[in-house]
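If you want the building blocks of each chain, they are given just below.
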Amino acid sequence: HLNPFFKGAWPIFYYAVDAPVTAIHDWIERQRKKNPYPYYHRKFRRVPGIEECDFNDQVCIFEADQQFKRDHAVDQEILRLTRNDFTRCCFEEGDSQWVNCRHLKDRYETTQNAYDIKYGD
């Protein structure tokens, strides 16, 4: 049961504030759907490895070095995420972690092994 004041004030609030704000919001959402912003990662073109660069080609060497750094950062992030998945599962499962988290442990060990092969220490 509403107070009589609020019964009279509600339509005024609705038509003065809520309806225009909702209309503007809906218009903005329609505009955004027409021109969606691409929320994805930037894709760099692959360049030859540093072993394929000419000795005096500084641009090729720089691009190969940048590509290596990006690949290394991505591989580190993948390794961190798989480690976090495994440790989270271990904390959630408690004593039954050796059975319920085995697939995550195997995935982490495979990822760690591939990382060690690619980057050494």
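Criteria and thresholds
- Residues numbered from 1 in each chain as written.
- Predicted model: local features only at pLDDT ≥ 70, side-chain atom pairs only at ≥ 80, totals over all residues.
- Heavy atoms only, no water.
- Phe/Tyr/Trp six-rings, centres within 6.5 Å; stacked < 30°, edge-to-face > 60°.
- Helix = DSSP H or I, 4+ residues; strand = E, 2+ residues; numbered from the N terminus.
- Buried < 20%, exposed > 50% of the residue type's maximum accessible area, 1.4 Å probe, protein only.
- Lys NZ or Arg CZ within 6 Å of the ring centre and 35° of its normal.
- Contact = heavy atoms within 4.5 Å.
- Core = buried A, V, L, I, M, F, W, Y, C linked by side-chain atoms within 4.5 Å.
- Salt bridge = Lys/Arg side-chain N within 4 Å of Asp/Glu carboxyl O.
- pLDDT = per-residue confidence, 0-100.
- Disulfide = S-S within 2.5 Å.

**Q** Explanation requested: the packing of aromatic side chains in the structure shown.
**A** Working definition: an aromatic ring pair is given by the centre-to-centre distance plus the angle between the planes. Using the criterion set out here, one finds five aromatic pairs in the structure. Seen in terms of ring centroids, Trp 10 and Phe 13 are 5.6 Å apart; in terms of plane orientation they differ by 35°. Their pairing is tilted. Placement of the pair is Trp 10 and Phe 13 together in helix 1 (residues 4–34), with a separation of three residues, close to one helical turn. Of the residues examined, Trp 10 reaches a relative accessible area of 52% and is grouped as exposed. Aromatic pair Tyr 14 and Tyr 15: ring centres 5.0 Å apart, planes at 80°, arrangement edge-to-face. Connected via pairs of aromatic rings, a cluster forms that spans Phe 68, Tyr 115 and Tyr 119. Taking the ring centre of Phe 44 as reference, the NZ or CZ of Arg 70 above it sits at 3.9 Å.

**Q** So what exactly am I meant to see when it comes to the side chain of Thr 111 here?
**A** Among the structural elements, Thr 111 can be located in helix 4 (residues 102–119). In this view, Thr 111 contacts Ile 78, Leu 79 and Thr 82; residues no more than four positions away in its chain are not counted.

**Q** Mind showing me how you'd approach the nonpolar core here?
**A** In globular proteins that are soluble, nonpolar side chains generally tend to be buried together. In terms of nonpolar packing, the biggest core is built from five residues, these being Phe 86, Cys 89, Cys 90, Cys 101 and Leu 104. For this core, the leading source of residues is helix 2 (residues 58–93), giving three residues. Non-local contacts of Phe 86, meaning those with residues more than four positions away in its chain, are made with Cys 101, Leu 104 and Lys 105.

**Q** I'm lost on the pattern of salt bridges in this one. Help?
**A** Charged atoms that come close allow side chains of opposite charge to pair. With the rule as written, the count across this model stands at 10 salt bridges. Across the salt bridge formed by Lys 69 and Asp 65, the nearest N and O atoms sit 3.4 Å from each other. Of this pair, Lys 69 and Asp 65 both sit in helix 2, four residues apart, roughly one helical turn. Its relative accessible area of 48% is what places Lys 69 among the partly exposed residues.

**Q** Help me out: how do you make sense of the confidence of the model for the protein chain in this one?
**A** In regions of low pLDDT, the predicted coordinates are not meant to be interpreted in detail. Looking at the protein chain, pLDDT values average 89 and 93% of them are 70 or higher. For the protein chain, helix 1 is the element with the lowest average pLDDT, namely 87, and helix 4 is the one with the highest, namely 95.

**Q** Any chance you could explain the state of the cysteines here in plain terms?
**A** Here a disulfide denotes one covalent bond, and it connects the sulfur atoms of two cysteines. For the structure on display, the rule yields two disulfides. Bridging Cys 53 to Cys 60, the disulfide has an S-S length of 2.0 Å. In this structure, the disulfide formed by Cys 53 and Cys 60 twists by about -70° around the S-S bond and is classed as left-handed. Pair check on accessibility: Cys 53 and Cys 60 agree, each one buried. Bridging Cys 89 to Cys 101, the disulfide has an S-S length of 1.9 Å.

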